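Fold and geometry: a report
What follows is the residue order along each chain.
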Amino acid sequence: MISAHGLARTFSTKTGPVAAVKGVDFEVAEGEIVGLLGPNGAGKTTTLRMLTTLLTPTSGTATVAGADLITQSREVRRRIGYVAQIGATPAPGTILGEELVTQARLQGMSKVEASARLVEMLPRLDLSGFEKRALSEMSGGQRRRFDIALGLMHNPKLVFLDEPTTGLDPQSRANLWDHIRALRDEHSVTIVLTTHYLEEADVLADRLLVMDGGAIVADDTPDALKARVCPATSSASASTATWRSPRPSPAKRCSRAPASSKAVDWCSPSNAATPPFLHCCAPSMPQGCRSARCRSTGRRSTTCS
Amino acid sequence: MLTETWVVFARQMKQQLRNPVWVFFGLTQPILYLVLFGPLLKNISGGGFNGKNSWNVFVPGLLLQLAIFGAGFAGFGIIQELREGVVDRQRVTPAHRSSLILGRTLTNVVTIGVQAVLLTLVALPFGTRPALVGSIIAIVVIAVLSLGMAAASYTMGLILKDEDSFAPMVQGVSLPLLLLSGVLLPMAAAPGWLRHISQANPLSYVIDAVRSLFVGDLSSTTVVKGAVIGLAVTVLLGWWATRRFQRDSA
Ligand SMILES: Nc1ncnc2c1ncn2[C@@H]1O[C@H](COP(=O)(O)OP(=O)(O)OP(=O)(O)O)[C@@H](O)[C@H]1O
Ligand SMILES: [Mg+2]
């Protein structure tokens, strides 16, 4: 579905050039759900914007949905759907249903097809009854679901989702996860999504591309990555272990925990061979444990009886 | 391509009509010019320009001014659309880039057209005596010109991406264009150096043509020259805008 070779983009800014993406190579197979994971500024959005023809790569080539990204960009656009990272509040006077139909029509659907598709899409994204509502009068999460509907109106075979679940409540997030999985399982749609949430990457993605500083630093299945990040955990707890991505985890530095025989480090330092910002953390408080503040450092640690 | 243009046009038009403030000021603005500025001019010129009816000179100028400011500030809206992600989500469809820009500019053309007709009608009781066919053609010429200028304004919006730099930019460009075209007062009154500068301004020729058309002079070289120059400006600006819309948004 996607085959990228040395895709790079440098922005020229007032303070000099910024190499946002530094020549990435990767493949995405048909029917795969691939997660792009990485901290702020890693280059995830820039990569997506290049693959969706919105940004011209400084160098490199790619084939997207069977068409060449540079020479057949119109063909690429016809075949893909794109949901951008969250944007500004829409102008008053933008009506949800109208906007979805407009989008579908620009994608080449007829008026009748677009209206039929609208009826189909609204319940899927929990937007029933919102058809006539102004976007400026909807909540952030409701608008996010509208954004996602926009990208899916024309039944694309390949969908790019930039942080699709940011701003959604747990219920909507779970619904969206189901919807994304159903897209793949029932309609064999290929999906590339970015996320900051490891649990989301874990639940959804078949494969993860971990980005940092404009490069892909790991390309593996979630389980294999987890095994690398949390080598000490037993296989049983590995499946429940969650990861932390924000770089300096305050608890992580609580190394001088009270000398209790059964003290559990809330987070252990990451393995040197793993992406630098992934840390292994205990999933939740184990049974029979209690949290306490370390006297020496003032930080929290957990003791178990 | 026609469908796409229509879809974009319909979207923009609906949004505009849903904004009551915009509709109100859009319609009253031309009338304000007539009522508050027109009488002054009449007294200054002693009731006429070289024996001509001063309203017949003044009203065509106002028509062009409507086009310059109306089209000039068109790009304001696209800055907000850029932030909302509307521009990107339209750009990621297979729709032609020229349709995305044309659909938007046509909204402005229709607006300016309606304002121009309204202004001409309101000007009648003041003593304006336009020729029917001529003034219709004059409004068409103005509409064509505003097509190109609105396209250029959208493009400036895309380039500057920020209202705070866009507004002074538009003011800075449109005001000299306006003053140097003899829109408010005919350039015949200008000293030699000013008249020379004004000859380099394509709008000078358009306003001459519009004034001739307005009084029913349909076939003079002034009219042909002005119409051709107006069309050329539009084609040039439209071409530039489409090219720019094709490029990425960085
Ligand atoms: N239009 C631009 N002009 C200049 N620099 C840019 C531009 N867009 C992105 N960058 C820079 O490129 C780098 C990568 O940005 P990008 O938006 O791809 O990150 P990201 O991984 O999507 O981050 P986030 O998780 O915050 O969304 C950043 O350092 C950013 O400052
Ligand atoms: Mg991003």
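Structure report, in brief. Predicted model, so just to flag it, every value in this text is computed and none were measured. (Residues numbered from 1 in each chain as written. Chains lettered and ligands numbered in written order. Predicted model: local features only at pLDDT ≥ 70, side-chain atom pairs only at ≥ 80, totals over all residues. Heavy atoms only, no water.)

**Some thoughts on the interface of chain A and chain B**
What counts here: Residue contacts follow a heavy-atom distance rule, with two residues in contact if any of their heavy atoms lie within 4.5 Å. Buried area: the accessible surface (1.4 Å probe) lost by two parts on joining, summed over both. The term salt bridge refers to a pairing of a side-chain nitrogen on Lys or Arg with a carboxyl oxygen on Asp or Glu at a separation within 4 Å.
Taken together, the contact pairs 29 residues of chain A with 26 residues of chain B. Taken together, both faces of the contact between chain A and chain B bury some 2400 Å²; the carbon and sulfur share is 52%. The largest per-residue losses of area from chain A upon contact with chain B belong to Leu54(A), Arg77(A) and Leu106(A), which jointly make up 26% of the total buried on that side. At the junction of chain A with chain B, the criterion picks out 4 salt bridges.

**Topic: the coordination of the magnesium ion (ligand 2)**
Residue and element names in this part refer to chain A. Selection rule: Sites may look incomplete because water is not among the atoms; the donors themselves are N, O and S atoms within 2.8 Å of the metal, or within 3.2 Å for Na, K and Ca. A run of H or I in DSSP counts as a helix once it spans at least four residues, and a run of E counts as a strand once it spans at least two, with each numbered from the N terminus. Burial classification: accessible surface area is computed with a 1.4 Å probe over protein chains only, and a residue below 20% of its type maximum counts as buried, one above 50% as exposed, and the rest as partly exposed.
Only Thr45 (OG1) and Gln85 (OE1) from the protein reach the magnesium ion (ligand 2) as donors, at distances of 1.8 to 2.2 Å. You can see threonine 45 sitting in helix α1 (residues 44–51) and its partner glutamine 85 sitting in the loop between β6 (80–83) and α3 (96–106), a full 40 residues away along the chain. What makes threonine 45 partly exposed here is its relative accessible area of 23%.

**Considering empty space enclosed by the protein**
Residues and elements named next belong to chain A. Heads up, the rule is: Grid spacing is 1 Å over the protein atoms alone, the probe is 1.4 Å, and a cavity is where that probe fits but cannot get out, while a pocket is an open set with protein on both sides within 12 Å along at least five of seven lines and lining residues have an atom within 4 Å of a point. Grid points are joined across faces, edges and corners, and a volume is the space filled by probe spheres set on the points. Three classes are used, and their members are as follows: Ala, Val, Leu, Ile, Met, Phe, Trp, Tyr, Cys and Pro are nonpolar, Asp, Glu, Lys and Arg are charged, and the others, Gly among them, are polar.
Counting across every chain of the model gives 2 cavities of 30 Å³ or more. In this structure, the second largest cavity spans a volume of roughly 40 Å³. Lining the second largest cavity are Arg124, Leu125, Asp126, Arg145, Ser172, Asn175 and Leu176. Among the elements that line the lining of the second largest cavity, the one with the most residues is helix α6 (residues 170–187), at 3 residues. In terms of residue class, the lining of the second largest cavity is made up of 2 nonpolar, 2 polar and 3 charged.

**A word on the layout of surface pockets**
The computed volume of the largest pocket comes to approximately 1000 Å³. Lining the largest pocket are 40 residues, with Gln16(B), Asn19(B), Trp22(B), Phe73(B) and Gly77(B) sitting closest to its centre. Going through the elements one at a time, α1 (2–17), α2 (20–44), α3 (54–72), α4 (76–84) and α6 (97–123) of chain B are the ones with two or more residues in the lining of the largest pocket. Per-class residue counts for the lining of the largest pocket are 17 nonpolar, 17 polar and 6 charged. Along the wall of the second largest pocket there are 38 residues; nearest its centre are Ala84(A), Gln85(A), Gly87(A), Glu84(B) and Gly85(B). Sorting the residues of the lining of the second largest pocket by element identifies α1, β6 and α5 (140–152) of chain A together with α4 and α5 (86–91) of chain B as the ones contributing at least two each. By residue number, the principal contributor to the lining of the second largest pocket is α5(A), which donates 7 residues. Looking at side-chain class alone, the lining of the second largest pocket contains 15 nonpolar, 13 polar and 10 charged residues.

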